[in-house]
Amino acid sequence: MFESRLRDLREDSDLNQQAIAKLLNIHQTTYSDYELGRVNIPINALHTLADFYNVSIDYLLDDGGTLDLSVTKKPIDLRKYGDTGKLSRFKKLDIK
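The shown structure was predicted, so the numbers you read here are calculated from the model rather than taken from an experiment. (Residues numbered from 1 in each chain as written. Predicted model: local features only at pLDDT ≥ 70, side-chain atom pairs only at ≥ 80, totals over all residues. Heavy atoms only, no water.)

Turning to the packing of helix α2 (residues 17-24) against helix α4 (residues 43-53), a few remarks are in order. Two quantities define a packed helix pair, namely the angle between the helix axes and the distance between the axes. Their axes nearest at 10 Å, the elements α2 and α4 cross at an angle of 120 degrees. Considering only the axes of α2 and α4, their crossing is right-handed. Judged by residue contacts, I20, L23 and L24 of α2 engage A45, T48, L49, F52 and Y53 from α4. (Axes fitted to C-alpha atoms, helices over the stretch in contact; angles between N-to-C directions. Helix = DSSP H or I, 4+ residues; strand = E, 2+ residues; numbered from the N terminus. Left-handed = near helix turned anticlockwise from the far one by under 90°. Contact = heavy atoms within 4.5 Å.)

Turning to the pattern of salt bridges, a few remarks are in order. Applying the stated criterion across every chain, the model contains four salt bridges. The shortest N-O distance in the salt bridge between R10 and E35 comes to 2.6 Å. Here R10 is found in helix α1 (residues 2-12), whereas its partner E35 is found in helix α3 (residues 28-36), with 25 residues between them in sequence. The residues R10 and E35 share a single accessibility class, namely buried. A salt bridge links R38 to D33; the nearest nitrogen and oxygen atoms lie 3.3 Å apart. (Salt bridge = Lys/Arg side-chain N within 4 Å of Asp/Glu carboxyl O. Buried < 20%, exposed > 50% of the residue type's maximum accessible area, 1.4 Å probe, protein only.)

Before going further, it helps to examine the packing of aromatic side chains. All told, the structure shown has two aromatic pairs when counted by the stated rule. Ring geometry for Y31 versus Y34: centroids 6.2 Å apart, planes at 75 degrees, classification edge-to-face. Here Y31 and its partner Y34 are both found in helix α3, three residues apart, which amounts to about one turn of the helix. No difference in accessibility class separates Y31 from Y34, as the two residues are buried. (Phe/Tyr/Trp six-rings, centres within 6.5 Å; stacked < 30°, edge-to-face > 60°.)

The structure is reproduced here in structure tokens:
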């Protein structure tokens, strides 16, 4: 998905790979490898492209999937880790 988004943005801007490679100060074949998914793109290149195309890095990297946060919703029993629920190691603070 990232690779096709990268290519689509470039083509929608009527630019060739050589022009974007020059923007990124890299060789055209390196940029081609980004679009083909052969090489991971460095974060500084992502920043440059996001700024150039006026999009967010999230937009560039979004694969259209959903993020499963169910693991974070699971309750944690702190007693399992030796916590009795008492703040014995802390002074009680007066809240006014």
